[in-house]
Amino acid sequence: MQKKKGLLDFQRMKKEGEKVTWLTCYEYPMALFEEQAGIDMILVGDSMGMCVYGYPGGTMPVTMDECIVHTEAVRRGAPNTFVMGDMPFLSYQTTTEEAVRNAGRFYKEAGVDAIKLEGGRRVTKVIRAIVDAGMVVCGHIGLTPQSTGQFGGYKAQGRTAESAYDVIKDARAVQEAGAQLLLLEAVTPEVGKFITEDLEIPVYGIGAGLYCDGQLLIVHDMLGIWQAFKPRFVKRYAHMAEDMVKAFQDYIREIKEGKFPEDVHCYKMIEGEAEKLAELVKKQK
Ligand code: KIV
């Protein structure tokens, strides 16, 4: 059984240059496998809107209740892994009171170790309030999927000096507000390196280059399950969509051809009972 890592481990790992491994997860069996593999951290991301629910609106329609149900399942599957809940759209943008209450739901109902929310300078008040209530906050800046409308789509950030400086100002503001972890999404490696070295808190990247203190990928991307599009930063470590379609096709073919189930898949009658049954049936006639 792996020893559960916590904030102190992540701070030490940053100092010692040991990378943190991080994946998303939305369900119990996948959580079992991720923990078995020895992943350091799990995010129950609102990317479930695409990966699990197939919402055309992506992450935007995802609700607190959906996040809680999936986070509970992941917690059960990975009891010895640092699990982070992801605050969905409109769970923290209205009032700080509502944000604190929703962050608290992740702790009380799903037993998380931290929560993540998107935004830099514009959410510092919310970060401060959640931290003041005793919770661990991971900031999320760069490309923030809940605001892709404002970015004009899923576009990398920090590609000009001015926009890079904006991301750096966001990073500093999030740390200043009390966040203890930071996720950088879709920024250039130069920006990733600068922020990782500039901040005291651990800085992890998804599409932010090699220099961050750790790396995150969406599990459906890295397993090759999600097929609709492949962001530049995704590396597929498996091709499970093809494997699954092939398995379904084999199943269909074997049923049609009368090859499944085989003898090994069938229950056996207790010795002598088949004959007794034949007698019984005969008598009833
Ligand atoms: O929901 C999620 O999986 C995320 C990642 C895209 C960073 O927030």
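Engineer: Is there a simple way to think about the pairing of strand E3 (residues 82-86) in this case?
Structural biologist: A regular strand carries its side chains on alternate faces of the sheet. In terms of burial, E3 is largely enclosed, as 5 of its 5 residues are buried. Residues of E3 alternate between two faces, with Phe82, Met84 and Asp86 on one and Val83 and Gly85 on the opposite face, all of them buried. Pairing geometry for strand E2 (residues 41-44) and E3, over 4 bridges, is parallel. In the sheet register, Val44 faces E3, and the bridge partner there is Gly85. Sheet topology places E3 next to strand E4 (residues 114-118); 3 bridges connect them, and they run parallel. The partner of Met84 across the bridge, within E4, is Ala114. Read from E3 through helix H5 (residues 96-110) to E4, the crossover connection turns out right-handed.

Engineer: Please clarify how the packing of aromatic side chains should be interpreted in this entry.
Structural biologist: For any two aromatic rings, the description comes down to two numbers: the centre-to-centre distance and the angle of the planes. All told, the structure shown has 5 aromatic pairs when counted by the stated rule. A centroid spacing of 5.3 Å and a plane angle of 10° characterise the contact between Tyr53 and Tyr55, whose relative ring orientation is stacked. By relative accessible area, Tyr55 is classed as partly exposed at 22%. The ring centre of Tyr211 lies 5.6 Å from the NZ or CZ of Lys193, which sits over that ring.

Engineer: Explain the packing of H5 against helix H6 (residues 124-132) here, please?
Structural biologist: Helix-helix packing is characterised by the crossing angle of the two axes and by the distance between the axes. Across the interface, H5 lies against H6 with an axial gap of 9 Å and an inter-helix angle of 50°. The orientation of H5 relative to H6 falls into the category oblique. For the element pair H5 and H6, the recorded crossing hand is right-handed. Of H6, the residues touching H5 (which contributes Thr96, Ala99, Val100 and Ala103) are Lys125, Val126, Ala129 and Ile130. Taken together, the residues that form the contact of H5 with H6 break down as 6 nonpolar, 1 polar and 1 charged.

Engineer: So what exactly am I meant to see when it comes to the site of the ligand here?
Structural biologist: Around the ligand, the surrounding shell consists of Thr24, Leu43, Gly45, Asp46, Ser47, Asp86, Lys116, His140, Leu183, Glu185, Leu216 and Ile218. With respect to the ligand, the side chain of Ser47 contributes an N or O atom lying 2.5 Å from an oxygen atom. The side chain of Asp86 places a nitrogen or oxygen atom 3.1 Å from an oxygen atom of the ligand. With the chains in place, 97% of the 260 Å² that the ligand exposes on its own is no longer accessible. In a pocket analysis with a 2 Å cut-off to the grid points, the ligand is assigned to the largest pocket.

Engineer: Could you clarify how one ought to interpret a nonpolar patch on the surface in this entry?
Structural biologist: Together, Met244, Phe248, Tyr251, Ile252, Ile255 and Phe260 make up a nonpolar patch on the protein surface, roughly 580 Å² of accessible area in all. In this structure Ile252 comes out as partly exposed when scored by relative accessible area, which is 47%.

Engineer: Explain the domain arrangement of the chain here, please?
Structural biologist: Interfaces are often sized by the amount of accessible area the parts lose when they come together. Entries for the chain in the domain assignment read domain 1 (7-238) and domain 2 (243-284). Computed from C-alpha atoms alone, the centre-to-centre distance between domain 1 and domain 2 is 48 Å.

The rules behind these values
Residues numbered from 1 in each chain as written. Predicted model: local features only at pLDDT ≥ 70, side-chain atom pairs only at ≥ 80, totals over all residues. Heavy atoms only, no water. Buried < 20%, exposed > 50% of the residue type's maximum accessible area, 1.4 Å probe, protein only. Helix = DSSP H or I, 4+ residues; strand = E, 2+ residues; numbered from the N terminus. Pairing = 2+ DSSP bridges. Right-handed = clockwise from strand over helix to strand, strands pointing away. Phe/Tyr/Trp six-rings, centres within 6.5 Å; stacked < 30°, edge-to-face > 60°. Lys NZ or Arg CZ within 6 Å of the ring centre and 35° of its normal. Axes fitted to C-alpha atoms, helices over the stretch in contact; angles between N-to-C directions. Parallel < 35°, antiparallel > 145°, perpendicular 65-115°, else oblique. Left-handed = near helix turned anticlockwise from the far one by under 90°. Contact = heavy atoms within 4.5 Å. Nonpolar A, V, L, I, M, F, W, Y, C, P; charged D, E, K, R; others polar. Near = heavy atom within 4 Å. Polar contact = N/O pair within 3.5 Å; in protein donor to acceptor, adjacent residues only side chain to side chain. Areas by Shrake-Rupley, 256 points an atom, 1.4 Å probe, with all protein chains shown as cover. 1 Å grid on protein atoms, 1.4 Å probe; cavity = no way out; pocket = protein on both sides within 12 Å on 5 of 7 lines; lining within 4 Å. Sits in = over half its atoms within 2 Å of the grid points. Patch = residues over 30% accessible without salt bridge, like charges linked within 9 Å, V, L, I, M, F, W, Y side chains within 5 Å. Salt bridge = Lys/Arg side-chain N within 4 Å of Asp/Glu carboxyl O. Domains from an automatic or database assignment.

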